[in-house]
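In case you want the letters, here they are:
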Amino acid sequence: MPGDRGGAPQDAADESARREDGLLAVRAGEGDEEAFEELVRRHAPGLLRLATRLLGSRTEAEDAVQESFVSAWRKLPEFRRDARFSTWIHRIVTNRCLNVLRARRPAVDLEGVPEPQAPEHEASPARVAEGHAAVADLSRAMAGLSPEQRVCWVLRELNGLSYESIAESVGISPEAVRGRVFRARRYLTEAMAAWR
């Protein structure tokens with residue numbers, strides 16, 4: 001990419017992490033609990049952030065990630081050695097979150113997602129109230145999305161994943177991901193029109 005400096009070292013680091021994850025996954029699939037614990041240490045924080053964004057509840061997110069790792073431990077002997085462990089575990093977590101969203105729909109509460117705090121000198125009562133109102137409106141707007149749209153939108157807009165990565169994680173085509181993200185953006189734009 002023109003003007004992209006330092007991409008090669010990052011690419012090499014990513015490839016190295018992918019290989020290490022692959023070796024750890026193979027060892028874990030053969031019953032090495034320490035290898036699996038290392039995979040959990042590496043991936044749990046990012047997966048917990050993802051699940052919290054998808055579910056809007058830290059408690060439900062922790063449960064979903066824990067259940068996903070239990071499922072992954074059981075399925076590790078089936079793990080394809082040519083696949084990326086990170087993509088595989090993201091797919092397990094995403095599917096678990098989708099199941100939770102489908103089961104509880106339409107109630108979605110984003111209040112559990114921590115809101116960045118403004119510095120004390122800038123946090124007037126009016127700004128705080130406005131921020132709470134915006135979060136409440138966004139929570140209501142996101143409740144109007146289908147679980148599938150919500151997952152694709154969060155993975156794209158909040159996690160910055162490519163359409164291809166989302167497609168692989170969710171198990172649909174990149175074109176279907178684009179459609180879901182487009183419809184989610186359009187719906188949220190209309191629902192949040194008062195905040196423009």
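Use the structure listed above.
Here the structure is a predicted model, which is why all the values come from computation and not from measurement. (Residues numbered from 1 in each chain as written. Predicted model: local features only at pLDDT ≥ 70, side-chain atom pairs only at ≥ 80, totals over all residues. Heavy atoms only, no water.)

Q: What exactly am I supposed to notice about the overall build of the protein chain here?
A: Across its full length, the protein chain holds eight helices and zero strands. If you list the helices and strands of the protein chain from N to C, you get α-α-α-α-α-α-α-α. The buried share of the protein chain, reckoned over its 196 residues, is 37%. (Helix = DSSP H or I, 4+ residues; strand = E, 2+ residues; numbered from the N terminus. Buried < 20%, exposed > 50% of the residue type's maximum accessible area, 1.4 Å probe, protein only.)

Q: Just checking my understanding: could you explain the side chain of D21 for this structure?
A: Along the chain, D21 falls in helix α1 (residues 7–29). A relative accessible area of 7% places D21 in the buried class. The residues touching D21, leaving out its near neighbours within four places in the chain, are L39, R42, H43 and F85. (Contact = heavy atoms within 4.5 Å.)

Q: Quick question: what am I supposed to make of the packing of aromatic side chains here?
A: The geometry of two aromatic rings is summed up by the distance between their centres and the angle between their planes. What the rule picks out here adds up to five aromatic pairs. Where F85 meets W88, the ring centres are 5.8 Å apart and the plane angle is 50°; that geometry is what we call tilted. Linking F85 with W88, this pair stays in helix α4 (residues 85–104), spanning three residues, or about one helical turn. Each member of the pair, F85 as well as W88, carries the same accessibility label: buried. By the ring-pair criterion, three or more aromatic residues cluster together here, those being F36, F69 and W73. Geometry around Y163 places R156 over its ring, the cationic atom sitting 4.2 Å from the centre. (Phe/Tyr/Trp six-rings, centres within 6.5 Å; stacked < 30°, edge-to-face > 60°. Lys NZ or Arg CZ within 6 Å of the ring centre and 35° of its normal.)

Q: Would you mind going over the pattern of salt bridges with me for this structure?
A: Oppositely charged side chains may form a pair once their charged atoms are brought near each other. The tally for this structure, following the rule as stated, stands at 10 salt bridges. D21 serves as the salt-bridge partner of R42, at 3.0 Å between the closest nitrogen and oxygen. Placement of R42 in helix α2 (residues 33–55) and of D21 in helix α1 is noted, with a sequence separation of 21 residues between them. The residue R185 makes a salt bridge to E157 at a minimum N-O spacing of 2.4 Å. Taken together, the residues span a long stretch of sequence, with R185 in helix α8 (residues 174–191) and E157 in helix α6 (residues 147–158) at a distance of 28 residues. The exposure class of R185 is partly exposed, given its relative accessible area of 33%. Residue E157 is classed as partly exposed on the basis of its relative accessible area, which comes to 36%. Several salt bridges converge on common partners, so that one network encompasses E20, D21, E38, R41 and R42. (Salt bridge = Lys/Arg side-chain N within 4 Å of Asp/Glu carboxyl O.)

Q: For this particular structure, what's the right way to read the nonpolar core?
A: By size, the foremost hydrophobic cluster in this structure holds 47 residues, and its most contacted members are L76 and F85. Every element with two or more residues in this core is listed here: α1, α2, α3 (58–75), α4, α5 (125–143), α6, α7 (163–170) and α8. Top element by residues in this core is α2. It accounts for 10 residues. Ignoring any residue separated from it by four or fewer positions in sequence, one finds L76 in contact with A25, A28, G29, F36, F85 and W88. (Core = buried A, V, L, I, M, F, W, Y, C linked by side-chain atoms within 4.5 Å.)

Q: Help me understand the packing of α4 against α6 in this model?
A: A pair of packed helices is captured by two measures, namely the crossing angle of their axes and the spacing between those axes. Following both chains from N to C, one finds α4 and α6 inclined at 140°, their axes separated by 9 Å at the closest point. Between α4 and α6, the interaxial angle falls into the category oblique. Taken as a pair, α4 and α6 cross one another with a handedness that is right-handed. Of α6, the residues touching α4 (which contributes T94, L98, L101 and R102) are P147, E148, R150, V151 and L155. The residue makeup of the contact of α4 with α6, split by class, is five nonpolar, one polar and three charged. (Axes fitted to C-alpha atoms, helices over the stretch in contact; angles between N-to-C directions. Parallel < 35°, antiparallel > 145°, perpendicular 65-115°, else oblique. Left-handed = near helix turned anticlockwise from the far one by under 90°. Nonpolar A, V, L, I, M, F, W, Y, C, P; charged D, E, K, R; others polar.)

Q: It is not clear to me how α3 should be interpreted in this structure. Could you clarify?
A: Because an α-helix packs 3.6 residues into every turn, residues spaced three or four apart end up facing the same way. Helix length check: α3, at 18 residues, gives a terminal C-alpha distance of 25 Å against a target of 26 Å (1.5 Å per residue), a fit within 8%. Inspection of α3 places A61, A64, V65, S68, F69, S71 and A72 among the buried residues, and these make up the whole buried set. One side of α3 carries all its buried residues, which in axial view fall inside an arc of 165°. Among the exposed residues of α3, those oriented more than 90 degrees off its buried face are T59, Q66 and R74. (Expected span 1.5 Å × (residues − 1). Arc of directions from axis to C-beta.)

Treat this as a map of the structure, not an account of what it does.
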